[in-house]
Amino acid sequence: MSDSVISQAMAEEAYQDLVTIQDWLRWTASQFAGNGVFFGHGTDNPWDEAVSLVLPLLNLPVDAPKELISARLTHSEKVRLVEYLRLRIDERIPVAYLTNQAWFAGLPFYVDERVLVPRSPFAELIETQFTPWLKSPEKVTRILDMCTGSGCIAIALAKAFEQAQVDAVDISFDALAVAEMNIHDHQAQEQVFAIQSDVFSGVPGQQYDLIVANPPYVDAEDMADLPEEFHHEPELGLASGEDGLDVTRTLLQEAAGHLTDEGLLFVEVGNSMVHMEALYPGAPFTWLEFERGGLGVFVISKKQLLDYFND
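Treat the numbers as computed from the prediction; the structure is a model and nothing was measured.

1. Here's the deal with the pattern of salt bridges
Side chains that differ in sign of charge can pair as their charged atoms come close. Enumeration according to the criterion identifies eleven salt bridges in this entry. A salt bridge links R88 to E229, with the shortest nitrogen-to-oxygen separation between them at 3.0 Å. Here the residue R88 occupies a position in helix 4 (residues 75-90), and E229 occupies one in the loop between helix 9 (220-225) and helix 10 (246-254), the gap between them amounting to 141 residues. Here R88 falls in the buried class, since its relative accessible area comes to 1%. A salt bridge links D307 to K303; the nearest nitrogen and oxygen atoms lie 2.9 Å apart. Here K303 and D307 lie together in helix 12 (residues 302-309), a separation of four residues that amounts to about one turn. Put simply, E49, R88, R92 and E229 are held in one network by salt bridges that share partners.

2. With respect to the domain arrangement of the protein
Under the domain assignment used here, the protein contains domain 1 (6-97) and domain 2 (113-308). Inter-centroid distance (C-alpha atoms) of domain 1 to domain 2 is 33 Å. Each partner contributes residues to the interface: domain 1 has eleven residues there, and domain 2 has twelve residues. Buried area between domain 1 and domain 2, both sides added, is near 1000 Å², and the carbon and sulfur share of it is 65%. Applying the counting criterion to the domain 1 and domain 2 interface returns two salt bridges.

3. Comments concerning the packing of helix 1 (residues 8-17) against helix 2 (residues 21-34)
Viewed as axis vectors pointing N to C, helix 1 and helix 2 meet at an angle of 155 degrees, and their least axial separation amounts to 11 Å. In terms of orientation, helix 1 lies roughly antiparallel with respect to helix 2. Here the hand of the crossing between helix 1 and helix 2 comes out right-handed. Between helix 1, through M10, A14, Y15 and D17, and helix 2, the contact on the second element is made entirely by D23, W24, W27 and Q31. Split into classes, the residues belonging to the contact of helix 1 with helix 2 amount to five nonpolar, one polar and two charged.

4. Section: the packing of aromatic side chains
Applying the stated rule across the entire model yields twelve aromatic pairs. Taken together, a centroid distance of 6.3 Å and an interplanar angle of 35 degrees make the contact between F130 and F161 tilted. Of this pair, F130 sits in the loop between helix 6 (122-127) and strand 3 (142-146) while F161 sits in the loop between helix 7 (152-160) and strand 4 (165-170), and the two are 31 residues apart along the sequence. By relative accessible area, which is 0% here, F161 ends up buried. With a centroid separation of 5.2 Å and 70 degrees between ring planes, the pair formed by W287 and F298 is classed as edge-to-face. Residue W287 is found in strand 8 (residues 286-287), and its partner F298 is found in strand 9 (residues 297-301); the two are separated by eleven residues along the sequence. According to the relative accessible area criterion, F298 is buried, its value standing at 0%. An aromatic cluster of three or more residues is present, and its members are Y280, F285, W287, F298, Y308 and F309. Stacked on the ring of F32, the Lys or Arg R88 has its end atom at 5.9 Å from the ring centre.

5. Quick word on the UniProt feature "domain: Methyltransferase small" (unreviewed entry) in the protein
As recorded in UniProt, the sites labelled "domain: Methyltransferase small" (unreviewed entry) are residues 139-223. The span residues 139-223 is 31% helix and 26% strand, and its two end C-alpha atoms sit 40 Å from each other.

6. Considerations on the side chain of E229
For E229, a relative accessible area of 2% corresponds to the buried category. Side-chain polar atoms of E229 contact the side chain of R88, separated by 3.0 Å. In this structure E229 touches V37, F38, H41, R88, R92 and P94, once residues within four positions along its chain are discounted.

7. Details of the pairing of strand 9
Counting buried residues in strand 9 gives five out of five residues, a clear majority hidden from the surface. Neither face of strand 9 is exposed, since V297, V299 and S301 on one face and F298 and I300 on the opposite face are all buried. Bridge count between strand 7 (residues 259-268) and strand 9: five bridges; the pairing is antiparallel. Considered in strand 9, the bridge of L264 is made with S301. Bridge count between strand 8 and strand 9: two bridges; the pairing is antiparallel.

8. Looking at the sheet that holds strand 8
Spatially, seven strands are ordered 5-4-3-6-7-9-8 in an open sheet, and the strand pairing comes out mixed. Single-partner strands in this sheet number two, and they are strand 5 (192-196) and strand 8. This element, helix 8 (residues 173-185), spans strand 4 and strand 5 of the sheet and lies at about 170 degrees to strand 5.

9. A short note on the packing of helix 1 against helix 4
Running from amino to carboxyl end, helix 1 crosses helix 4 at an angle of 140 degrees, the nearest separation of the two axes being 10 Å. On the basis of their axis angle, the class for helix 1 and helix 4 is oblique. For the pair helix 1 and helix 4, the sense of crossing is right-handed. Across the interface between the two elements, Q8, A11 and Y15 from helix 1 touch H75, K78, V79, V82 and R86 from helix 4.

What counts, and at which threshold
- Residues numbered from 1 in each chain as written.
- Predicted model: local features only at pLDDT ≥ 70, side-chain atom pairs only at ≥ 80, totals over all residues.
- Heavy atoms only, no water.
- Salt bridge = Lys/Arg side-chain N within 4 Å of Asp/Glu carboxyl O.
- Helix = DSSP H or I, 4+ residues; strand = E, 2+ residues; numbered from the N terminus.
- Buried < 20%, exposed > 50% of the residue type's maximum accessible area, 1.4 Å probe, protein only.
- Domains from an automatic or database assignment.
- Contact = heavy atoms within 4.5 Å.
- Buried area = accessible area lost by both parts, 1.4 Å probe.
- Axes fitted to C-alpha atoms, helices over the stretch in contact; angles between N-to-C directions.
- Parallel < 35°, antiparallel > 145°, perpendicular 65-115°, else oblique.
- Left-handed = near helix turned anticlockwise from the far one by under 90°.
- Nonpolar A, V, L, I, M, F, W, Y, C, P; charged D, E, K, R; others polar.
- Phe/Tyr/Trp six-rings, centres within 6.5 Å; stacked < 30°, edge-to-face > 60°.
- Lys NZ or Arg CZ within 6 Å of the ring centre and 35° of its normal.
- UniProt positions renumbered as here; feature names shortened; annotations may be inferred.
- Polar contact = N/O pair within 3.5 Å; in protein donor to acceptor, adjacent residues only side chain to side chain.
- Pairing = 2+ DSSP bridges.

Here it is as structure tokens:
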């Protein structure tokens with residue numbers, strides 16, 4: 001790989017001079033910092049990105065005991081680390097696709113390029129059972145995870161609402177294959193059901209106490225400006241028309257018919273929230289704030305949907 005930013009001479013120097021896991025974490029973080037990679041698929045800085053790449057490649061947990069960090073590496077392990085570091089920097093492949101591992105709501109998930117890398121602020125809402133908007137979490141028996149992708153939101157919902165059935169829908173058969181793997185890995189087959197569906201087409205007549213939707217929402221302008229890392233993700237999971245709201249339009253028009261009387265709809269639209277006011281002037285969306293960062297998530301009730309869209 002003569003055109004790599006990490007030349008063979010640099011690699012040979014690393015093999016000779018870098019001895020411990022700590023050494024390799026430091027060097028990897030320095031390479032990330034010096035080569036302009038984009039952090040946005042689970043980390044936001046070079047050090048955390050290095051940890052998320054190096055430790056899984058050594059078959060170690062990302063929270064490995066500190067005593068292990070001083071352990072020495074074999075030559076073959078060093079060669080493997082350089083190989084994957086080159087893929088991350090030269091080809092801008094997100095770490096989660098290199099390790100086939102991502103974390104969401106404190107849970108590990110298998111991911112590959114058939115699905116988006118989990119990063120939704122919904123994790124924070126799930127961990128608190130959607131407090132204070134959901135008044136009686138213990139009464140929730142049916143949940144819909146719209147545009148489930150890897151299934152991470154659906155599985156996290158199942159663990160937070162142990163009494164609920166969770167339908168995990170997606171238009172992509174490829175994404176559903178990954179979701180099925182994660183459902184099996186988390187032994188959630190009795191509670192989470194992967195269903196092929198274009199918005200609500202696959203769940204006719206079904207009603208839910210809670211609908212959580214993370215549809216594609218990147219508008220055309222943002223799609224054109226995305227860092228290279230995002231182009232490894234399926235475009236079907238990102239792009240949604242000129243204003244990023246093509247799927248959201250259908251969702252809002254049809255959601256009331258799929259909610260129980262006290263049901264709530266939570267939708268993530270990210271940066272495309274800027275288009276929502278022009279599209280839905282005066283709509284009763286409640287925009288949420290997050291302690292751990294994130295924006296563009298709103299909640300609306302069945303009654304509010306009926307009042308606004310049926311006027």
